[in-house]
Amino acid sequence: TSADTGASKADGGSGAINSNDRHQWIRSQVNALYFTKFEVTVERYAACVTAGSCTVTPYIGGTTDECNFDEPNRDDHPMNCVFFHEAEEYCAWIGARLPTAEEWETEASNNGERTYPWGDFPSPTCTHAVVDDSSGGGEGCGNGSTNPVGSSSAGESISGLSDMVGNVFEVTTNIHRAGVESE
């Protein structure tokens, strides 16, 4: 599926918080960062577009029903089908930035101590993440699309971040591959 816009703050929001920022910020227990607890919703991204700070580029590579923007009843779903520059626009609008892949991985794995945000077992199923799970009804846990953000609270990270596995891919500032230096 497609990428979501997520955000982090290196200063933990110690300065003035942008008035556009309506996120619930969670302090990471393994990073010196704050992350948004939930993926950015369509409703929040639409507010950025309405304010003239974010753009929506027509998505190439899938059908429009795979993209949540302008789809009925998906305001609380994660914003997907965004390009890197659009994710950066959103983060700038709320006074934040995208996390690096290493920062994201450190949080998702509890600094390498966990296989998944919730622990080492079980493998991802619809109990812990919005995934393509045959026992959970198939793609999107039976919905055939994304689910509202925070639908799988059993899959939260040690710090309480939701949807770090499943629902949509995450956007980071770089690509991280285990054992390979990032650029």
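**Considerations on the pattern of salt bridges**
Consideration 1: Under the counting rule described, the total for this entry stands at 2 salt bridges.
Consideration 2: Between Glu-156 and Lys-37 there is a salt bridge, with the nearest N and O atoms lying 3.0 Å from each other. Of this pair, Glu-156 sits in the loop between helix 3 (101-108) and strand 5 (169-170) while Lys-37 sits in the loop between strand 4 (34-36) and helix 1 (42-50); the two residues are 119 residues apart in sequence, bridging distant segments of the chain.
Consideration 3: For Glu-156, a relative accessible area of 23% puts it in the partly exposed group.
Consideration 4: Between Glu-103 and Arg-97 there is a salt bridge, and its shortest N-O distance comes to 2.9 Å.
Consideration 5: Given the relative accessible area of 17%, Glu-103 is considered buried.
Consideration 6: Looking at Arg-97, the relative accessible area reads 28%, which means it is partly exposed.

**Some words on unusual backbone geometry**
Most of the time, phi is negative for any residue but glycine, and the peptide bond is trans.
Consideration 1: Cis geometry is found at the peptide bond from Phe-121 to Pro-122, where omega equals -10°.
Consideration 2: On the secondary structure map, Pro-122 appears in the loop between helix 3 and strand 5.
Consideration 3: Positive phi, close to 70°, is recorded for Asp-70, a residue that is not glycine.
Consideration 4: Position of Asp-70 relative to the elements: it lies in the loop between helix 1 and helix 2 (84-93).
Consideration 5: For Asp-70, a relative accessible area of 69% translates into the label exposed.
Consideration 6: For Cys-141, which is not a glycine, the phi torsion comes out positive at approximately 55°.
Consideration 7: Locating Cys-141 in the fold gives a position in the loop between helix 3 and strand 5.

About the thresholds
- Residues numbered from 1 in each chain as written.
- Predicted model: local features only at pLDDT ≥ 70, side-chain atom pairs only at ≥ 80, totals over all residues.
- Heavy atoms only, no water.
- Salt bridge = Lys/Arg side-chain N within 4 Å of Asp/Glu carboxyl O.
- Helix = DSSP H or I, 4+ residues; strand = E, 2+ residues; numbered from the N terminus.
- Buried < 20%, exposed > 50% of the residue type's maximum accessible area, 1.4 Å probe, protein only.

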